[in-house]
Amino acid sequence: MTEYEKMLAGQWYNPLDAELRQLRLTSRENCTKYNSTGASHHKQRRLLLAELLGTVGQHLFIEPPFFCDYGKHIHVGDNVFFNFNCVLLDVAAITIGNNVFFGPAVQLYTVNHPLAAAERRTGIEQALPITIGDDVWLGGGVVVCPGVTIGERVVVAAGAVVTQDLAADGLYAGNPARWIKNVNN
């Protein structure tokens, strides 16, 4: 398997592989182009997002600056809004449903590193997908860790760190994020 195939399969892989470095470079260049567009350049932004992301739903709005690793592993539904300074490390797939709101500085991390220092020194990484259901609101500064699924109609309070799956219809807060109450009776 190539390092790219290993990465997509959730196996340990070498991120310094030439193909992966080139893919990240292309993504970074596209992010730079997007981030340098003017606020009134809606058509240009839409074209750049279509080139950068894997799937672009209707009425996607991303407030620059926006950063991602590969871009093409990000799949976004309809009516999605990203506020300023969001970071999506899409080493594995990031799937975002419809009607999802991201507060400023939300960060989605699919990538993971070995816990043992000796293994970390080798530079290997692993990635697990993140899935966000419909009608979710992630407050400012929320961090979502690798392998997490967030159910539909969830609200995650500002500053929460999501380390495990969140069931639908709940308000979650804290580090690690924990259930506070039902929000959709």
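Per chain, residues are indexed from 1 in the order of the written sequence. pLDDT decides what is reported in this predicted model: residues at 70 or higher carry local features, side-chain atom pairs at 80 or more are listed and counted, and totals for whole chains, interfaces and linings draw on all residues regardless. Only hydrogens and water are removed before side-chain values are computed, so all heavy atoms of the structure are retained for them.

Pairing between strands requires that DSSP locate at least two bridges from one strand to the other. The secondary structure listing takes helices from DSSP runs of H or I that are at least 4 residues long and strands from runs of E that are at least 2 residues long, numbered from the N terminus. With mixed pairing, 7 strands are arranged side by side in an open sheet as β2-β5-β8-β13-β16-β18-β19. Only two strands of the sheet have a single neighbouring strand rather than two, namely β2 (60–62) and β19 (178–182). The pairing of strand β18 (residues 170–173) with β19 spans 4 bridges and is antiparallel. In the sheet register, L171 faces β19, and the bridge partner there is K181.

On to the packing of aromatic side chains. Only the six-membered ring of Trp is used, alongside the rings of Phe and Tyr, when aromatic pairs are assigned; centres must lie within 6.5 Å, and planes under 30 degrees apart are stacked while those over 60 apart are edge-to-face, with the rest tilted. Summed over the entire model, instances satisfying the criterion amount to 3 aromatic pairs. For the ring pair F66 and F82, a centre distance of 5.8 Å and an interplane angle of 70 degrees mean the geometry is edge-to-face. Here F66 is found in strand β3 (residues 66–68), whereas its partner F82 is found in strand β5 (residues 80–82), with 16 residues between them in sequence. Here F66 matches F82 in class, with each residue buried. Ring geometry for F82 against F102: centres 4.1 Å apart, planes inclined by 5 degrees, an arrangement best described as stacked. Remark: F102 occurs in strand β8 (residues 101–102) and F82 occurs in strand β5; sequence separation between them is 20 residues. Just as F82 is buried, F102 falls in that class too. Clustering of aromatic rings is evident, with ring pairs tying together F66, F82 and F102. The cut-offs for exposure are 20% and 50% of the maximum accessible area for each residue type, with area from a 1.4 Å probe on protein chains only; residues under the lower value are buried, those over the upper are exposed, and the others partly exposed.

Distances and angles like these do not, on their own, reveal function.
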